[in-house]
Amino acid sequence: MTSQIPSRRAFLAATATAAGAAALPLTAASATPVGNRYALQRRFVDWRFGMFLHFNMGTFHDAEWVDPKQDPMSFNPAKLDCGQWADAAKAAGMRFAVLTAKHHDGFCLWPSKYTKYSVASSPVKRDIVREYMDAFRSRGVTPCLYFSIWDRTNGVGPSGFDDHPPITRANIEFVKNQLTELLTRYGRIPVLIFDGWAWHWAFGQQSLPFSEIREHVASIQPDCLVLDLNGLTVPWHSELLFFEEPKGGVFCPPGNTYAASQGQTISPSGWFWHPSTPSNLLTTDQIVDGHLKVLEPRYATFILNCPPNTDGLLDDTVVTVLKDVGKRWRPNLSRPPLPAQPDVVRHLVTPVSATATSGDAAKAVDGHSDYGWNGQADQTLWTTTDRLPQAITLDLGRRYVGLDTLTYLPRQDTATPYSFDEFVTAGNITAYRVSVSVDGTTFRPVAKGTWAADHALKHTRFKPTTARYVRVEALSAVGGGAAIAGQFDCGGTDRRPRPA
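The structure presented is a predicted model; accordingly, all values stated were derived computationally and were not measured.

Some points on the packing of helix H3 (residues 82–92) against helix H8 (residues 316–328)
Right, on to step 1. Where H3 contacts H8, the axes come no closer than 6 Å and their chain directions differ by 30°. One finds that H3 runs roughly parallel with respect to H8. Seen from H3, the contacting residues are Gln84, Ala88, Ala91 and Ala92; seen from H8, they are Val319, Leu322, Lys323, Val325 and Gly326.
Right, on to step 2. Residue composition of the contact of H3 with H8, by class: six nonpolar, two polar and one charged.

So this is what it looks like as structure tokens:
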């Protein structure tokens, strides 16, 4: 209902006030660090069950990744009814939903003024994002959005699979402009799922800087949680984890206490609708006993993909299964609350480059991380070639005032594909020293300590400082010889570092 959506002026005023409140400094008396998003993460895991709606150009071309630059006239859901989707979600007991506002080919389900490749050029000529928002809100199901950073039609990343075009400032502004449309037109968006980014072989979260995109989202909607599909089992560049089950049987591990979600599609046919979808569905038992009851104690919401067909409707068979699920499943309200979550570094500064005493330093800051098709992590690793100690120096591109945090993501691969019970630790840094410099010549130490050898994200806090260069020395590592390190980032936990 449009009455639930504030005017753009009122909405921006409210979010600006909230952003100012979120920027208050951390004090010794604070019970919870400002950077911690626990209340929002707990709300998400308490939703427990949601609907993923893969509905876009791929629906009309029997494809998971449709080729770019399709004829917009081919997008023609003649019986489109977002209310039918919402009714089915409500009947199933789902608390939220996620719509693919834009997938990898770049077709937009809203009339974006930054591209002609949208519903405005299709026979529909309707703002499907708005209809989806209104329909789900009116049923008490919270609407969220999915947005692909990779855009094969509009030149954000490669159009094919062999080219590697550079990411330009125009590309970055295009992404930010489209996000502004989505985050200012439709009211509050509590969760935004990014895709086609951290795992992309041709560009990562350095060339298209995560820090700038995350700050942009927070400047408009400070309470919007970001879920980046990066294939990790620990938080990094994201406040929620995502386990993509169809990708080789990935399942949230027992004992998980991170705020998480698991995505599976109701039909093994694929994420988008295919002619075989209506006759090839998970059973009610598979959804309730095999997923909801298993994932609930692991603090993982279950996001069940239910793809609308070419008419713009959920198939009758899908609706029937969802009704049965709603009759069978009830949340376990005695589950203990989500355990305390790691602090989130909300104000990252993306390095522009890195150098090292040995090895390929660029691999420690390129922002690439995913699980490969063989179940092993595709996280790029900085591997030193000489004995320790070895050092890597991050160049932030300019001086920043207020840097106070360095994070280190160790290697994420497992001994057995998708097992998540035995992570490889060889080379993980266990003792370190951090130094900073304004000129790249004279460095002064700001932190020194030890890290556990496990795969969890490491945080090192130090007194707020001014620097352009941040150096990390690996003093010892698992195995004692060469260090095989993961990703490094720095920034501000409580306040945004500002250019000097």
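Having put the structure on the table, let's press on.
Focus on the nonpolar core
Right, on to step 1. Of all hydrophobic cores here, the largest spans 94 residues; its most connected members are Met51, Phe136 and Leu322.
Right, on to step 2. Those residues within four positions of leucine 322 in sequence are excluded, and the remaining contacts are Met51, Ala88, Ala91, Ala92, Met94, Ile266, Leu304, Cys306 and Leu314.
Right, on to step 3. Ala361, Leu396, Trp451 and Ala477 belong to the second largest nonpolar core, which has 30 residues in total.

Points about the pairing of strand S12 (residues 390–409)
Right, on to step 1. The buried fraction of S12 is high, at 15 of 20 residues.
Right, on to step 2. Where strand S10 (residues 353–356) meets S12, four bridges bridge the pair, whose relative direction is antiparallel. By the bridge assignment, alanine 356 is partnered in S12 with isoleucine 392.
Right, on to step 3. Relative to strand S15 (residues 458–477), S12 runs antiparallel, the two being bridged by 13 bridges. Each bridged residue has a counterpart across the sheet, and for threonine 393 the counterpart in S15 is arginine 471.
Right, on to step 4. Of the pairings in the sheet, the one linking S12 to strand S18 (residues 498–499) comprises two bridges and is antiparallel in character. If you follow valine 401 over to S18, its bridge partner there is arginine 498.
Right, on to step 5. Where S12 lies against strand S17 (residues 487–492), five bridges are found, and the strand directions are antiparallel. From the neighbouring strand, threonine 407 faces S17, where its bridge partner is aspartate 489.

Examining the pattern of salt bridges
Right, on to step 1. Summed over all chains, the structure comprises 21 salt bridges.
Right, on to step 2. Across the pair arginine 48 and glutamate 296 runs a salt bridge whose closest N-O atoms are separated by 2.5 Å. Within this pair, whereas arginine 48 is found in the loop between helix H2 (38–47) and strand S1 (49–53), its partner glutamate 296 is found in the loop between helix H7 (284–295) and strand S8 (300–305), the two being separated by 248 residues in sequence. With respect to class, arginine 48 is no different from glutamate 296; both count as buried.

A look at the packing of aromatic side chains
Right, on to step 1. Per the counting criterion, the structure on display carries 28 aromatic pairs.
Right, on to step 2. Centre to centre, the rings of phenylalanine 107 and tyrosine 117 are 5.2 Å apart; their planes meet at 85°, and the pair counts as edge-to-face. Placement of phenylalanine 107 in the loop between strand S2 (96–102) and helix H4 (128–138) and of tyrosine 117 in the loop between S2 and H4 is noted, with a sequence separation of ten residues between them. We note that phenylalanine 107, like tyrosine 117, is buried.
Right, on to step 3. Here the aromatic cluster, defined as three or more aromatic residues joined through ring pairs, consists of Phe55, Phe60, Phe75, Trp85, Phe107 and Tyr117.
Right, on to step 4. Over the aromatic face of phenylalanine 443 sits the side chain of arginine 471, whose NZ or CZ is 3.8 Å from the ring centroid.

With respect to the pairing of strand S7 (residues 260–265)
Right, on to step 1. In terms of burial, S7 is a largely internal element, six of the six residues being buried.
Right, on to step 2. Both faces of S7 are covered, namely the face carrying Ala260, Gln262 and Gln264 and the face carrying Ser261, Gly263 and Thr265.
Right, on to step 3. Of the pairings in the sheet, the one linking S7 to S8 comprises six bridges and is parallel in character. Within S8, the position partnered with glutamine 264 by the bridge is leucine 304.
Right, on to step 4. Handedness of the crossover joining S7 and S8 through H7: right-handed.

Reading the values: the criteria
- By convention here, each chain's residues receive numbers from 1 onward along its written sequence.
- Local features are withheld for residues below a pLDDT of 70 in this predicted model, meaning they are given only at 70 or higher, and side-chain atom pairs are given and counted only at 80 or more; totals for whole chains, interfaces and linings count all residues.
- Side-chain calculation: all heavy atoms of the structure are included, whereas hydrogens and water are not.
- Every angle, taken between N-to-C directions, lies between 0 and 180 degrees, and every axis is a line fitted to C-alpha atoms, over only the stretch in contact when it is a helix.
- The way it works is that DSSP assigns letters per residue, a run of H or I at least four long becomes a helix, a run of E at least two long becomes a strand, and they are numbered from the N terminus.
- These descriptions rest on fixed angle ranges, namely under 35 degrees for roughly parallel, over 145 for roughly antiparallel, 65 to 115 for roughly perpendicular, and the rest for oblique.
- For this analysis, residues touch if any pair of their heavy atoms sits within 4.5 Å.
- Under the scheme applied here, ten amino acids are nonpolar (Ala, Val, Leu, Ile, Met, Phe, Trp, Tyr, Cys and Pro), four are charged (Asp, Glu, Lys and Arg), and all others, including Gly, are polar.
- By nonpolar core we mean a set of buried residues, namely Ala, Val, Leu, Ile, Met, Phe, Trp, Tyr and Cys, connected to one another through side-chain atoms within 4.5 Å.
- Residue exposure (1.4 Å probe, protein chains only): buried if accessible area is under 20% of the type maximum, exposed if over 50%, otherwise partly exposed.
- Paired strands, as defined in this entry, are two strands with at least two bridges between them according to DSSP.
- Throughout this description, the term salt bridge denotes a Lys or Arg side-chain nitrogen within 4 Å of a carboxyl oxygen of Asp or Glu.
- What counts as a ring pair is set by centres within 6.5 Å for rings of Phe, Tyr and Trp (its six-membered ring), and what kind of pair is set by the plane angle: stacked under 30 degrees, edge-to-face over 60, tilted for all other angles.
- As a reminder, the over-ring test applies to NZ of lysine and CZ of arginine, requiring each to be within 6 Å of the ring centre and within 35 degrees of the ring normal.
- Note on handedness: a crossover is taken as right-handed if, strands pointing away from the viewer, the path from the first strand over the helix to the second is clockwise.

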